Amino acid sequence: MTPSSKQPYRAKSHGALNHARTVRFTFDGKPYEGLEGDTLASALLANGVHLMGRSFKYHRPRGVMSAGVEEPSALIGISRDKSNSGARVQPNVRASVQEIYDGMNAVSQNRFPSLNFDLGAVNSLLAPFFAAGFYYKTFMWPRKAWDKVYEPFIRRAAGLGESPTETDPDRYANRFEHCDVLIIGGGAAGLMAAKTAAAKKQRIILCDENPSLGGWLLADSDVTIDGKSGTQWVKDTVAELQANENVRLLTRTTGFGYFQQNMVGLVERVTDHLAQPDMDLPRERMWQVRADKVVIAQGAIERHLVFADNDRPGIVLAGAAQKWLNQFGVTVGNNVGVFTACDTAYAAAFDLYEAGTHIAVIVDQRATVDQALLEQANELGIRVMPNAGVVGVTGKLRINGIKVKTASGSEETIEVDALITSAGWTPSLHLYSQSRGKPIWDEASQRFLPGQSPQACVSIGACNGTNDLATTFAEAAKATGGRAPKLEIENDVSLAGGTIGMASESAETGKAFVDFQNDVTAKDIKLAVREGMHSIEHVKRYTTNGMATDQGKLSNMHGLSIAAKMLDKPVPEVGLTTFRAPYTPTTFGSFVAHARGTLFDPSRKTPIHEWAQENGAEFEPVSLWQRAWYFPRPGEDMHEAVDRECRTVRTSAGVFDASTLGKIEVVGPDAAAFMNIMYTNGWDKLKPGRAKYGIMCREDGFIYDDGVVGKLSDTRFHVTTTTGGAPRVLNHMEDYLQTEFPDMQVWLTSTTEQWATIAVQGPKAREIIQPLVTGADISAEKFPHMSVVECQVCGVPARLFRISFTGELGFEINVPADYGRAVWEAIWERAEPAGACAYGTETMHVLRAEKGYIIVGQDTDGTVTPHDAGLSWAVAKSKPDFVGKRGLQRPDLTASGRRQLVGLKTSDPKKVVQEGAQIVADPEQAIPMKMIGFVTSSYWSGTLERSIAMAVLEDGFARMGETLYIPMEDEVIEVEVEGTVFYDPSGEKING
Amino acid sequence: MLLIHCPYCKDDRPELEFSNAGEAHIVRPTNMSDISDTEFEAMFFMRDNPKGIALERWRHAHGCGRFFNVARNTVSDKFLKVYKAGEPRPSDAEIEELLK
Ligand SMILES: [Zn+2]
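Everything in this summary refers to the structure shown in the same document. Quick caveat, the model's predicted, so the values are computed rather than measured.

Conventions and cut-offs
- Residues numbered from 1 in each chain as written.
- Chains lettered and ligands numbered in written order.
- Predicted model: local features only at pLDDT ≥ 70, side-chain atom pairs only at ≥ 80, totals over all residues.
- Heavy atoms only, no water.
- Helix = DSSP H or I, 4+ residues; strand = E, 2+ residues; numbered from the N terminus.
- Buried < 20%, exposed > 50% of the residue type's maximum accessible area, 1.4 Å probe, protein only.
- Contact = heavy atoms within 4.5 Å.
- Areas by Shrake-Rupley, 256 points an atom, 1.4 Å probe, with all protein chains shown as cover.
- Lys, Arg positive; Asp, Glu negative; His and termini not counted.
- Charge placed at Lys NZ, Arg CZ, Asp CG, Glu CD.
- Donors = N, O, S within 2.8 Å, 3.2 Å for Na, K, Ca; no water.
- Tetrahedral: all angles 85-135°; square planar, octahedral: opposite > 155°, others 65-115°.
- Buried area = accessible area lost by both parts, 1.4 Å probe.
- Salt bridge = Lys/Arg side-chain N within 4 Å of Asp/Glu carboxyl O.
- Polar contact = N/O pair within 3.5 Å; in protein donor to acceptor, adjacent residues only side chain to side chain.
- Expected span 1.5 Å × (residues − 1).
- Arc of directions from axis to C-beta.
- Axes fitted to C-alpha atoms, helices over the stretch in contact; angles between N-to-C directions.
- Parallel < 35°, antiparallel > 145°, perpendicular 65-115°, else oblique.
- Left-handed = near helix turned anticlockwise from the far one by under 90°.
- Nonpolar A, V, L, I, M, F, W, Y, C, P; charged D, E, K, R; others polar.
- Phe/Tyr/Trp six-rings, centres within 6.5 Å; stacked < 30°, edge-to-face > 60°.
- Lys NZ or Arg CZ within 6 Å of the ring centre and 35° of its normal.
- Pairing = 2+ DSSP bridges.
- Core = buried A, V, L, I, M, F, W, Y, C linked by side-chain atoms within 4.5 Å.
- Right-handed = clockwise from strand over helix to strand, strands pointing away.

### Looking at the overall build of chain B
Stage number 1. In terms of helices and strands, chain B carries two helices and six strands.
Stage number 2. Mapped from its N terminus to its C terminus, chain B presents α and β elements in the order β-β-β-α-β-β-β-α.
Stage number 3. Reported as C-alpha extents along the three principal axes, the dimensions of chain B are approximately 40 × 30 × 20 Å.
Stage number 4. Expressed as a percentage of its 100 residues, the buried residues of chain B come to 38%.
Stage number 5. Looking at chain B alone, contacts between residues at least 24 apart form 48% of all its contacts between residues at least 6 apart.
Stage number 6. A total of about 5700 Å² of accessible surface is found on chain B, and carbon and sulfur atoms cover 50% of it.

Put into C-alpha cells, the structure is as follows:
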C-alpha cells in the first residue's frame, strides 16, 4: 500500500467510495479529510486516528470498536449549526454510524482538558472505589455528606457528553403506513424476502438502518452468488425492488420498537448526513407501520473478547475491520494482530493481508482450527497460534504490542499497531423479544435464538441463528411464501463458533472489560455474584452491565456467561435480561414530531376571545380553554384591576364571557326521568321556563359536577356543566343512558361550542339588556330569579337565563356562537356608558366566593358529598333512586367527623391565607400536628375590605365561631370559623 | 398501539379513538336504594383484575360514541371477542375456548 499523505490508511484497491469526492471536517478542532460515504469512524481511521473518546467511569482512552450501531466507545458530540451553537448539538453520536459531511464539527466527550491528556483519568487510580455496587456502598453514610459531597460528585461524574442548551430548532415528521410485509433489515436475508414477496405482488416496506442496502454482503469481498460478487447481487436486487411500485425502501431507517398487533416504529434519519439540508425536509421522520406480517432480518452482532486491557485504542472487532476495508477502503493498521475464537476473523485477516497490511499473528483460542484456514494462512506466511490467548497489551493511547500466552503456557510479546478480535456472533433478538417472543437457549451453539413469536412475525438469517447464506436465502424465501431459490453460492464464511465469557486470563493485572460504555469489568461481575446477586437482572443493576446507551449489545452474553460460570448454573437459569424499545437511542424529537409549542394541545377560544384581546385582557388557561382573566386598565396591576371589577359589578354591572361553560342538551320523552337519575335534585316539579342548580354525584355519593339546568319544555333540558367537566359529564351520562337505562327515550348532545354565553351581572343588568331583548318580558315580576326563556337578543335567537353567580341581579344570554361577538358588542355599547365593566375569571371567582358558591374541583376534591358542601337542600329526599343515593347512605359518609365546607375569617383582616394551607386546633402541639382541614378558596375581598376564605374542616358545621390556626413557615395565622356566605347573607341583592 | 374492533362501526380502529370503561357485566341493581353495604361494596368497589381473560367495557369515544364489551387477554393484550352492550356474558366454556 502506498498511503496518500492525507489519508495514510486509505487502501486504493479496496472499498466502494469515490476517491475524487473528498469531504472536509474537524475533530476536536483539527481539520481532516475523508471521502463521501465515510462514517466519522472510517474517516478518522483513514487518517490513522483510533483514539476517539474517554470512558465514562475511569476516563480510559477509547477507540472505535465496531462499524455499526452497537458501538459502545466512540461516542462523540456533533454540532450541526455554526451560528447557533447551543441548539443543534447532539451528544453521544456513534462515530461508527454518523456519516461525515463538508464542514462537520465533531468533538470528543468526557475529557478535560484534551483527549490525549485527561485529568479525569485520575479516576483510574481510584478504581477500587468504583467496583460493582460502588454507588450503593460508598454513598451510604453519613447522611449529611449527601448534599455537600456525594451528590455533587455523582452529578459531575454522571452523564456522557453535553446536552443542547437551546430549544431544538429542527422539524420532525410523523407518518402512518400499512403494508402486507414489513421487512426490518436490508441485508441478504431482508433483500431475498423482499424479492420473493414482491414477486407475489404484496405491498412491502423494507427498512435498513444503514445508508445503503446490502448488509454484510457489502463487506464480504469473497462470496459469490451465481458467479456474481455479493455487491453486484445487492445492486441488481435493489434495482429490481426499486422498480417495483409495491415496494418502499427506507434507508437510514431503524426499526426501533415492536408494539402490539404488528405495529412497528421506524425512525428515518433524513438530514443528519447532509451538509446543507433542504429547509423543507424534516430532520427525522417517525413511521408507525402496521403490517400483516413482519419479517425480522436484523442480522447478528459480533462480540469482542474479554481479556486484560481489551479496551485500548487500536483494538477493534474483526468484522468491523473487514467492513472498513471492503466498504470504505480503510485499513485499521499497518501491522495487525488477530485474536479470535471463530473463523470469520480469518477472512478479515486475509482481506487485510491482500490490501497490503502485515498480519503479525493470528492468536486462536481454539485448540483445533479448520485445516483449510491453517493452510491458507501458511500460504500467505501468516503465523497462527492455536490454543493460545492474548492476556494483555502494551500501549495506552494506542496499542503497540500484545502479550500472548502460548499453547505451552509461556508468554510472548508481539509488536502490533492494531488488534482485531472476534468472539463470534450474537443473533439480534431485540425486535423478536419486543414482540413478546421468548428467546430460547441453544446449548450446542451457546446462543439464545428466537422461537415462535405470539405476533405475526418471523426471524430469518443471522438473527435467527442461521450461519450461512444458502440457508438464509431459503429461510427468507419461505418467510414470504416462496420456494428456496436455486443459487450457486461460493466462498461463504460461516458465522458459527465463538466463545462467551472470559477469553483468557493471566495474573490479575489490567481490566478485562465486559461493558465498555459503563466500564464494567469481568471482575465486577464476579464481585456482584460473590456479593449475592444471583439473577442476571440483579447483576445487571448492581454492576450497570448492559445499562448504557448501547444496551449491552456487545456485553450481555459475556456478562451472563461469567455470572453463570461463577454460579455453576446453566446460562438460561441465570436468565437473559429483557429487550425493550428503543433498539438504538431515538430522539425525543421524532416522538414529539409536530406536537410542541402551540401544537402540543389544541387551544380553545370563545367567539369573544378576540374582543377580550383587543381590550387588553390577560388570559388564563382553564382546561384547554383560554379565558379572559382580568381586564387591567393602564397602570393597574392585577390586584387593582380585580378590585375595580368587583366593585363595578356590585355597584353598577359587569359583562362576563361565560361561553366556556359546558352545555349538554338533554332531549326526549324521558328527559326528566333521566335527569332524576343523573342529578341529586328532583326535576319532576320544575316547570318549563324555570331553572335549577343541579348537583351530579358519582355512585359513591361524592360530588362529580354541578351547574344550572334550564327546563325549556317537558322534553328538553339545557344543562350546563363546569368548564373543565363537560366531556366527562357527557361520558358519564352516556354511560348510564346506554348501559343502565337503554330503554329510556333520551338523546344527549354536546352544545358547548354552539352557544356563546354572555353573563350580565349587577344592579344595572336589566336596564342594560332590556332594550336588546325581544319576544320575552324580562321584568322582575314576569322573569324572576332562576328563569329561562327562548327569545331574541339583538334579533338573534337566544336562550336567556336569569341566574347569578355573583349574588347580584344577573342574566346569562346564550346566542348561536357565530353571533357571539356581535351580541357582546351590542351589550357592551350599552354597558360601558352605564358605568359597567368587562370582567374576567378572577373577579368571577372573588364574587362567587363572597357568596359562598362552590367551584367543583376547587372546593371539592372527589371526597366531598353534597351534605359536606352544605348543599343538602339540593338532594331530593323523596326520589326512589339517583346516582349517588345509595352511596350517600354508606356509614362513613353519614358518620360524624366528616370534613365540611365552612367559611374562614382571619383575625387580621389584611392577611390572605394560602389555598391548600392546613388547619390545626392547637398550634402549640408537637409536630407532626393533627391537621383537621385545609383551605380550598382564599381571596382578598375589595367589597368587604378584608380577606375571605373557604375550607373543608372536620365537623366544620359544629365549629361556628371557633378560633383555629394555620401554621405557615414563618408565622401562625389565626382564623375564625363561620358560614360561607360573606356578602349579602339575606340574598336581597339577587333581585337588583 | 392496539387496533380495536368496534362492533357498531364494524371496523378496526386505532386505540386512540377508544376509552376503557372498566369491568363489564356489573349490573346496577334496580333496587339500588335497598341493597346492603356489602352488596354496594361488591358492586362498586370490588373488581376482578384477572390474569387471563378480562371482560371489560370500552367506548368508541372518538367515533360512534357507543359503549361495548370485550374479552381481552390481559397477558397478551389481545382482544379475543368484541360484543355489543346488552349481549350476554360469554359462558365459562366459551372463555376457556378463547384462552386456547
Ligand atoms: Zn364505533
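Here the narrative resumes.
### Brief notes about the overall build of chain A
Stage number 1. Across its full length, chain A holds 24 helices and 51 strands.
Stage number 2. Split into buried and exposed, the 992 residues of chain A put 57% on the buried side.
Stage number 3. Here chain A has roughly 40900 Å² of accessible surface; of this, 52% comes from carbon and sulfur atoms.
Stage number 4. For chain A, the distance from the average site of its 101 positive side-chain charges to the average site of its 120 negative ones is 1 Å.

### Quick look at the coordination of the zinc ion
Residue and element names in this part refer to chain B.
Stage number 1. Protein ligation of the zinc ion involves Cys6 (SG), Cys9 (SG), His60 (ND1) and Cys64 (SG), the donor distances falling in the range 2.0 to 2.3 Å.
Stage number 2. Coordination at the zinc ion is tetrahedral: its four donor atoms span angles of 105 to 114 degrees at the metal.
Stage number 3. Mapping the donors of the zinc ion onto the primary sequence yields the spacing C-x2-C-x50-H-x3-C. You can see Cys6 sitting in strand β1 (residues 3-6) and its partner Cys64 sitting in the loop between β4 (53-59) and β5 (67-73), a full 58 residues away along the chain.
Stage number 4. Taking the relative accessible area as the measure of exposure, Cys64 reaches 33% and is therefore partly exposed.

### Here we look at the interface of chain B and chain A
By a frequent convention, interface size equals the accessible area lost on bringing the separate parts together.
Stage number 1. At the junction of the two partners, chain B supplies 23 residues and chain A supplies 29 residues.
Stage number 2. Surface buried jointly by chain B and chain A totals about 2300 Å² across both partners, of which 46% is contributed by carbon and sulfur atoms.
Stage number 3. Linking chain B with chain A are five salt bridges, by the criterion used here.
Stage number 4. The partner of Glu699 of chain A in a salt bridge is Arg28 of chain B, and the shortest N-O contact between them spans 2.7 Å.
Stage number 5. Our enumeration of links across chain B and chain A arrives at 16 residue pairs in polar contact (both at pLDDT 80 or more).
Stage number 6. Looking at the side of chain B that touches chain A, the elements with two or more residues in it are α1 (37-45) and β4 of chain B.

### As for the pattern of salt bridges
Stage number 1. Scanning the model with the defined rule gives 50 salt bridges over all chains in all.
Stage number 2. For Lys911 of chain A, the salt bridge goes to Glu971 of chain A, with nearest N and O atoms at 2.9 Å. Pair noted here: Lys911 of chain A is in the loop between β46 (899-906) and β47 (918-919) and Glu971 of chain A is in the loop between β50 (963-967) and β51 (972-978), with a separation of 60 residues, a long-range link.
Stage number 3. Taking relative accessible area as the criterion, Lys911 of chain A reaches 28% and is therefore assigned partly exposed.
Stage number 4. According to the relative accessible area criterion, Glu971 of chain A is partly exposed, its value standing at 31%.
Stage number 5. Notably, a salt bridge pairs Glu56 of chain B with Arg72 of chain B, separated by 2.5 Å at the nearest N-O pair.

### As for the environment of Lys228 of chain A
Residue and element names in this part refer to chain A.
Stage number 1. Inspection of the secondary structure puts Lys228 in strand β11 (residues 228-229).
Stage number 2. The exposure class assigned to Lys228 is partly exposed, which follows from its relative accessible area of 31%.
Stage number 3. In sequence terms Lys228 and Asn326 are 98 residues apart; their C-alpha atoms lie 16 Å from each other.
Stage number 4. Beyond its immediate sequence surroundings of up to four residues, Lys228 is in contact with Val223, Trp233 and Asp236.

### Considerations on helix α21 (residues 820-831) of chain A
Residues and elements named next belong to chain A.
Stage number 1. With 12 residues, α21 should reach 16 Å at 1.5 Å per residue; the first-to-last C-alpha distance of 16 Å fits that figure.
Stage number 2. Looking at α21, one finds that the buried residues are Gly820, Val823, Trp824, Ile827, Trp828 and Ala831. Taken down its axis, α21 places every buried residue within 140 degrees of arc, on the same side.

### Topic: the packing of helix α11 (residues 522-530) of chain A against helix α13 (residues 556-567) of chain A
Residues and elements named next belong to chain A.
Stage number 1. Between α11 and α13, whose axes approach to 9 Å, the crossing angle comes to 45 degrees. In terms of axis orientation, α11 runs oblique to α13. Every pair of crossing elements has a handedness; the one defined by α11 and α13 is right-handed. Facing α11, whose interface residues are Ala522, Ile525, Lys526, Val529 and Arg530, α13 presents Gly559, Ile562, Ala563, Met566 and Leu567.
Stage number 2. Here the contact of α11 with α13 is built from residues that sort into seven nonpolar, one polar and two charged.

### A short note on the packing of aromatic side chains
Residues and elements named next belong to chain A.
Stage number 1. For the structure on display, the rule yields 24 aromatic pairs over all chains.
Stage number 2. Taking the centre distance of 5.0 Å and the plane angle of 45 degrees together, the rings of Trp233 and Phe473 count as tilted. One end of the pair, Trp233, is in helix α5 (residues 230-242); the other, Phe473, is in helix α10 (residues 469-479), with 240 residues separating them in the sequence. The residues Trp233 and Phe473 share a single accessibility class, namely buried.
Stage number 3. Cluster of aromatic residues (ring-pair linked, three or more members): Trp611, Phe631, Trp824 and Trp828.
Stage number 4. The residue whose ring lies beneath Lys511 is Tyr58, and the NZ or CZ to ring-centre distance is 4.8 Å.

### Thoughts on unusual backbone geometry
Both trends apply: most residues other than glycine have a negative phi, and most peptide bonds are in trans.
Residue and element names in this part refer to chain A.
Stage number 1. Between Ala581 and Pro582 the backbone carries a cis peptide bond, its omega angle lying at 0 degrees.
Stage number 2. Of note, Lys201 is a non-glycine position whose phi angle comes to about 60 degrees, a positive value.
Stage number 3. You can see Lys201 is positioned in the loop between α4 (188-199) and β9 (204-207).
Stage number 4. Exposure remark for Lys201: the relative accessible area of 67% places this residue in the exposed category.
Stage number 5. With phi around 55 degrees, Gln446 is a residue other than glycine that occupies positive phi space.

### Remarks on α5 of chain A
Residue and element names in this part refer to chain A.
Stage number 1. For α5, spanning 13 residues, the distance from its first C-alpha to its last is 18 Å, which sits close to the expected 18 Å at 1.5 Å a residue.
Stage number 2. Among all positions of α5, only Gly230, Trp233, Val234, Thr237, Val238 and Leu241 are buried. Buried residues in α5, looked at end-on, bunch into an arc of 125 degrees, giving them a common side. Exposed residues lying more than 90 degrees from the buried face of α5 are Lys235 and Gln242.

### Quick look at the pairing of strand β1 (residues 22-27) of chain A
Residues in a regular strand project their side chains so that they alternate between the two faces of the sheet.
Residues and elements named next belong to chain A.
Stage number 1. The side-chain alternation of β1 yields one buried face, formed by Val23, Phe25 and Phe27, and one unburied face, formed by Thr22, Arg24 and Thr26.
Stage number 2. The sheet contact formed by β1 and strand β2 (residues 30-35) spans six bridges and is antiparallel. Along β2, the bridge assignment pairs Phe25 with Tyr32.
Stage number 3. Where β1 lies against strand β7 (residues 104-108), three bridges are found, and the strand directions are parallel. Across the sheet, residue Thr26 finds its bridge partner in β7, namely Asn105.

### Brief notes about the nonpolar core
Stage number 1. One finds Phe25, Leu40, Trp324 and Ile420 of chain A to be the most contacted residues of the largest nonpolar core, which totals 64 residues.
Stage number 2. Ignoring anything within four residues of it in the chain, the contact list for Phe25 of chain A reads Lys30, Pro31, Tyr32, Glu33, Gly34, Leu40, Ala43, Leu44, Ile100, Tyr101 and Met104 of chain A.

### Thoughts on the sheet that holds strand β23 (residues 411-415) of chain A
Residues and elements named next belong to chain A.
Stage number 1. Across the sheet, which stays open at both edges, the three strands sit in the order β21-β22-β23 with antiparallel pairing between neighbours. On the outer flanks of this sheet lie β21 (389-394) and β23, each paired with one strand and no other. Strand after strand, the sheet turns through a mean of 30 degrees between neighbouring axes, direction not considered.
Stage number 2. By the bridge criterion, five bridges tie strand β22 (residues 401-405) to β23 in an arrangement that is antiparallel. Bridging across to β23, Lys405 finds its partner in Glu411.

### Comments concerning the sheet that holds β2 of chain A
Residues and elements named next belong to chain A.
Stage number 1. Read from one edge of the open sheet, five strands run β2-β1-β7-β5-β6, paired in mixed fashion. Looking at strand neighbours, the two that pair on one side only are β2 and β6 (89-94), the edges of this open sheet. Neighbour to neighbour, the strand axes of the sheet diverge by 35 degrees on average, direction disregarded.

### Looking at the pairing of strand β19 (residues 358-364) of chain A
Residue and element names in this part refer to chain A.
Stage number 1. Judged by how many residues are buried, β19 sits mostly within the fold: six of seven residues are covered.
Stage number 2. For strand β18 (residues 335-340) and β19, the ladder comprises six bridges, and the chain directions are parallel. Bridge pairing in β19 places Phe339 opposite Val363.
Stage number 3. One crossover worth recording links β18 to the parallel β19 by way of helix α7 (residues 344-354), and it is right-handed.
Stage number 4. Judged from the two bridges that link them, β19 and strand β20 (residues 384-385) form a sheet pairing that is parallel. Along β20, the bridge assignment pairs Val363 with Met385.

### Examining the side chain of Glu177 of chain A
Stage number 1. Summarising the element assignment, Glu177 of chain A is placed in strand β8 (residues 172-184).
Stage number 2. Among all residues touching Glu177 of chain A, those that are not within four sequence positions of it are Arg203, Ile205, Arg248, Trp287, Gln288, Val289 and Arg290 of chain A.

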